[in-house]
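Take a look at the letters that make up each chain.
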Amino acid sequence: MLFLPASCDSCGEVRLISRDECIDGKATCEACGGLAFAFAGPVIAESEVLLFNELCWAVENSGLTTSDAAQLALALSEAPTRGEEMQMLDLAVSWFPNLEPLRAALAGNLNRARHAFSMVGLILAERSVARVSTIVPRQTRAASAR
C-alpha cells in the first residue's frame, strides 16, 4: 500500500493518507474527521509509515514556531550531502533541544538518510503552513500565492 503526506485544514495535523482513499488530492482526516489535503511530496511506502509517523511526532512535539519550522525546512532542503544534513540536524537540536527525537529516529536510517531528511523537510514546511490554515483556508492561500 502507498501513502501520501497530507495535512488537515481543520486540525492542522500532518499525517499520511492512503493513496487508495485519496480522491482529487483530498481525504477524511482520521484525527478530527475534517478534510485532509495531500501536499506535494513523495509517495510513502508502507515500510516507511512508522518512520514518517515518528518524524511527525518529533516535529509536532518540538515546540517550533511557524517561522522556525519554515527556516529549518529550508536549511535542510539546501543540505547537499548526508554529512551536512546531520550537521544541520545537530545544530537544529542545539537550538531547539525538543528536536532530539529526530536525531534518534534518523540514526537508525542512515542508509535512507536523504529520503528521511526530505520527509522531515516536508513535515516542517507543511507544519509552518498548516498552523495558518485555521485563519486562512488552503484554497485562499493558494489563490493569493498566484
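Residues numbered from 1 in each chain as written. Predicted model: local features only at pLDDT ≥ 70, side-chain atom pairs only at ≥ 80, totals over all residues. Heavy atoms only, no water.

Outline the packing of helix α1 (residues 49-60) against helix α4 (residues 100-107), listing residues and values.
It is at 8 Å that the axes of α1 and α4 come closest, and there the two elements cross at 165°. Relative to α4, the element α1 is oriented roughly antiparallel. Here α1 runs over α4; the crossing is left-handed. Packed against α1, whose contacting residues are Leu-51, Glu-54, Leu-55, Trp-57, Ala-58 and Val-59, the element α4 presents Pro-101, Leu-102, Ala-105 and Leu-106 at the interface. Along the lines of polarity and charge, the residues of the contact of α1 with α4 split into nine nonpolar, no polar and one charged. (Axes fitted to C-alpha atoms, helices over the stretch in contact; angles between N-to-C directions. Helix = DSSP H or I, 4+ residues; strand = E, 2+ residues; numbered from the N terminus. Parallel < 35°, antiparallel > 145°, perpendicular 65-115°, else oblique. Left-handed = near helix turned anticlockwise from the far one by under 90°. Contact = heavy atoms within 4.5 Å. Nonpolar A, V, L, I, M, F, W, Y, C, P; charged D, E, K, R; others polar.)

Could you give me a rundown of the pairing of strand β1 (residues 2-8), with the residues and numbers involved?
Counting buried positions over the seven residues of β1 gives six, a clear majority of the element. Of the pairings in the sheet, the one linking β1 to strand β5 (residues 44-45) comprises two bridges and is antiparallel in character. Within the sheet, the bridge partner assigned to Phe-3 lies in β5 and is Ile-44. The pairing of β1 with strand β2 (residues 14-18) spans five bridges and is antiparallel. Across the sheet, residue Phe-3 finds its bridge partner in β2, namely Ser-18. Hairpin connection, β1 to β2: the antiparallel pair is bridged by five residues, and Gly-12 has positive phi, about 80°. Of the pairings in the sheet, the one linking β1 to strand β4 (residues 35-38) comprises three bridges and is antiparallel in character. Its bridge partner being in β4, Ala-6 is matched across the sheet by Ala-38. (Buried < 20%, exposed > 50% of the residue type's maximum accessible area, 1.4 Å probe, protein only. Pairing = 2+ DSSP bridges.)

An account of the pattern of salt bridges is requested, with residue identities and associated values reported.
Evaluation of the coordinates by the stated rule reveals two salt bridges. Glu-13 is paired through a salt bridge with Arg-15; the nearest N and O atoms lie 2.8 Å apart. Assessed through its relative accessible area of 30%, Glu-13 is described here as partly exposed. Three or more residues joined by partner-sharing salt bridges are found here, namely Glu-13, Arg-15 and Glu-30. (Salt bridge = Lys/Arg side-chain N within 4 Å of Asp/Glu carboxyl O.)

Describe in detail the environment of Glu-60, supporting the description with residues and values.
Tracing the backbone through its elements, the reader meets Glu-60 in helix α1. Separated by 38 residues in sequence, Glu-60 and Asn-98 have C-alpha atoms that sit 9.7 Å apart.

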